[in-house]
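# Examining the three-dimensional arrangement
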Amino acid sequence: MKAIITGITGQDGAYLAQLLLEKGYIVYGTYRRTSSVNFWRTEELGISGHPNLHLVEYDLTDLGASISLISKVEPDEIYNLAAQSFVGVSFDQPSTTAQITGIGCLNILEAIRLVNPKIRFYQASTSEMFGKVQSIPQIEETPFYPRSPYGVAKLYAHWMTVNYRESYGMFAASGILFNHESPLRGREFVTRKITDSVAKIKLGIMDCLELGNLDAKRDWGYAKDYVEGMWRMLQVDEADTYVLATNRTETVRDFVRMAFANAGIDIRFHGGDVNETATDAETGKVVLRINPKFHRPAEVDLLIGNPAKAKLKLGWEPTTTLERLCQMMVDADIRRNKSGFSF
Ligand code: NDP
Ligand code: GDP
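Below is a summary of the structure that appears in this document. What you are looking at is a predicted structure, and each value in this text was computed from that prediction instead of being measured.

Cut-off values and rules
Each chain carries its own residue numbering, running from 1 in the direction its sequence is written. Chains carry letters from A onward and ligands carry numbers from 1 onward, assigned in written order. It should be noted that, the model being predicted, local features are given only for residues of pLDDT at least 70 and side-chain atom pairs only at 80 or more, the latter also being counted only at that level, while totals for whole chains, interfaces and linings use all residues. Processing note: side-chain calculations cover all non-hydrogen atoms of the structure and skip hydrogens and water entirely. A cavity here means a set of 1 Å grid points, computed over protein atoms only, where a 1.4 Å probe fits but cannot escape. A pocket is an open set with protein on both sides within 12 Å along at least 5 of 7 lines, and lining residues have an atom within 4 Å of a point. Grid points are joined across faces, edges and corners, and a volume is the space filled by probe spheres set on the points. By the criteria applied, helices consist of DSSP H or I runs no shorter than four residues and strands consist of E runs no shorter than two, each listed in order from the N terminus. Residues are grouped as follows: Ala, Val, Leu, Ile, Met, Phe, Trp, Tyr, Cys and Pro are nonpolar; Asp, Glu, Lys and Arg are charged; all remaining types, including Gly, are polar. Residues are labelled near a given molecule or strand when at least one of their non-hydrogen atoms is within 4 Å of it. Any pair of N or O atoms that falls within 3.5 Å is considered a polar contact. Within protein, one atom must be able to donate a hydrogen and the other to accept it, and sequence-neighbouring residues count only if both atoms are side-chain atoms. In short, Shrake-Rupley with a 1.4 Å probe defines the accessible areas, and a residue's cover is counted only from the protein chains shown. A pair of strands is labelled paired if DSSP reports no fewer than 2 bridges between them. Every axis in this analysis is a line fitted to C-alpha atoms, fitted for helices over the stretch in contact. Angles between the N-to-C directions lie between 0 and 180 degrees. Contact criterion: two residues are considered in contact whenever any of their non-hydrogen atoms come within 4.5 Å of each other.

Moving on to the layout of surface pockets. The volume enclosed by the second largest pocket comes to roughly 310 Å³. The wall of the second largest pocket is formed by 15 residues, among which I201, I265, D280, T283 and K285 lie closest to the centre. Taken together, the elements giving at least two residues each to the lining of the second largest pocket come down to α7 (190-202) and β15 (286-290). Split by residue class, the lining of the second largest pocket holds six nonpolar, three polar and six charged.

Bringing the site of ligand 1 into the picture now. What surrounds ligand 1 is a group of 24 residues, the closest being T9, R32, S85, Y150 and K154. At 2.9 Å from an oxygen atom of ligand 1 is found a main-chain nitrogen or oxygen belonging to L81. Here an oxygen atom of ligand 1 and a side-chain polar atom of Y150 are 2.6 Å apart. Burial of ligand 1 by the protein amounts to 88% of the accessible area it has alone, namely 900 Å². Broken down by secondary-structure element, the contributors of at least two residues to the shell around ligand 1 are α1 (11-22), β5 (120-126) and α6 (149-168). For the shell around ligand 1, the element with the highest residue contribution is β5, accounting for three residues. Grouping the constituent residues of the shell around ligand 1 by class yields 10 nonpolar, nine polar and five charged.

As a further point, take the sheet that holds strand β6 (residues 172-177). Sheet strands associate in pairs through backbone hydrogen bonding, adopting either a parallel or an antiparallel arrangement. Strand order across the open sheet formed by seven strands is β3-β2-β1-β4-β5-β6-β11, with parallel pairing between neighbours. On the outer flanks of this sheet lie β3 (53-57) and β11 (241-244), each paired with one strand and no other. Looking at each pair of strands side by side, their axes are set apart by 20 degrees on average, direction ignored. As paired strands, strand β1 (residues 2-6) and strand β4 (residues 77-80) are joined by four bridges and run parallel to one another. Within β4, the residue paired with I4 across the bridge is I78. Each of β1, β2 (26-31), β3 and β4 is contacted by α1, which is oriented at about 170 degrees to β1, the strand it contacts most. Along the sheet, helix α5 (residues 94-115) makes contact with β1, β4, β5 and β6, crossing β5 at roughly 165 degrees.

Structure follows, in structure tokens:
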């Protein structure tokens, strides 16, 4: 089997490449031409020099490049993981986000239709499409109400995937994945920002962590579990849409408490809203404060997904608790910060 993974330099791209290589696939991972491409994630997983892993330069926003990539590689499966994936940046760069995250998906669908409509396609959709949630917990039929340019762009890509499935009979699956984290998560996302900062505070490299909205609730799972679900979506008889989630939600504040505890630091919260702080219970030092610059113009307050359909049709279930995930991330960041690693 041959697969293309767009976004091999990202968290999910690295884990999915590892999974497919273990299954004996030949993997073509795409990366963008930049002045200094960074493969730290595939290096950390030990797959960078794997003989069945081929790295291909590609930009999702170019239809011609999409056609040429698919014609040359002749894959059985394509996993579209590439995106401008950070909600915060999407408010500052809405057009770029629309081009990459929205139209980028259309470019691949169109290229598949033109080159070989039998190729199986996976689109990385997101719980951010539920946004201002219309029911709890969210399932495949829950109405969408995105709250950011990222969510809107992903919704376009999701509906295009469904449309190509229905219009051309293409095997186009859409995975509505709730937040999933790991030691390979980008440091701009809240969990990794927290675990990296906690590690730095523990080691005396940093004094205080600054965050925005501590009340936001997320359904956080482990990325390695979720890439298994992506693969399973392409192994069934018919393409469909599936929610992958843990069915548990916690606040950002809970995750902060958990991360400090995992580093052996007991903290106390004080005050509220923009004046909220947390102190080290032993030393009294302020280790967390609110910085309003991390608040978003529109927020997604609560996400919690029910993955019952994925369990029934794909036999998929999350296997990692949030406690275990948080511990894994804190441990990895303490180890990295001790050795001077900076990604
Ligand atoms: P990352 O941000 O870690 O990775 C995104 C990848 O997309 C990077 O490899 C990036 O390359 C690549 N990329 C960005 N722009 C382009 C472009 N124009 N052309 C080609 N490649 C590009 O995201 P994750 O791995 O966390 O997520 C994977 C996918 O799943 C994304 O689409 C994300 O939106 C979606 N998703 C993620 C969730 C999560 O919680 N992680 C939840 C639901 C959906 P570069 O390194 O050059 O920037
Ligand atoms: P998202 O769910 O895709 O937006 O994932 P993030 O990890 O970026 O954000 C999760 C939640 O944490 C959102 O509700 C953010 O508003 C909240 N949050 C609070 N402070 C921060 C911060 O400093 N950085 C980020 N990225 N998110 C924060």
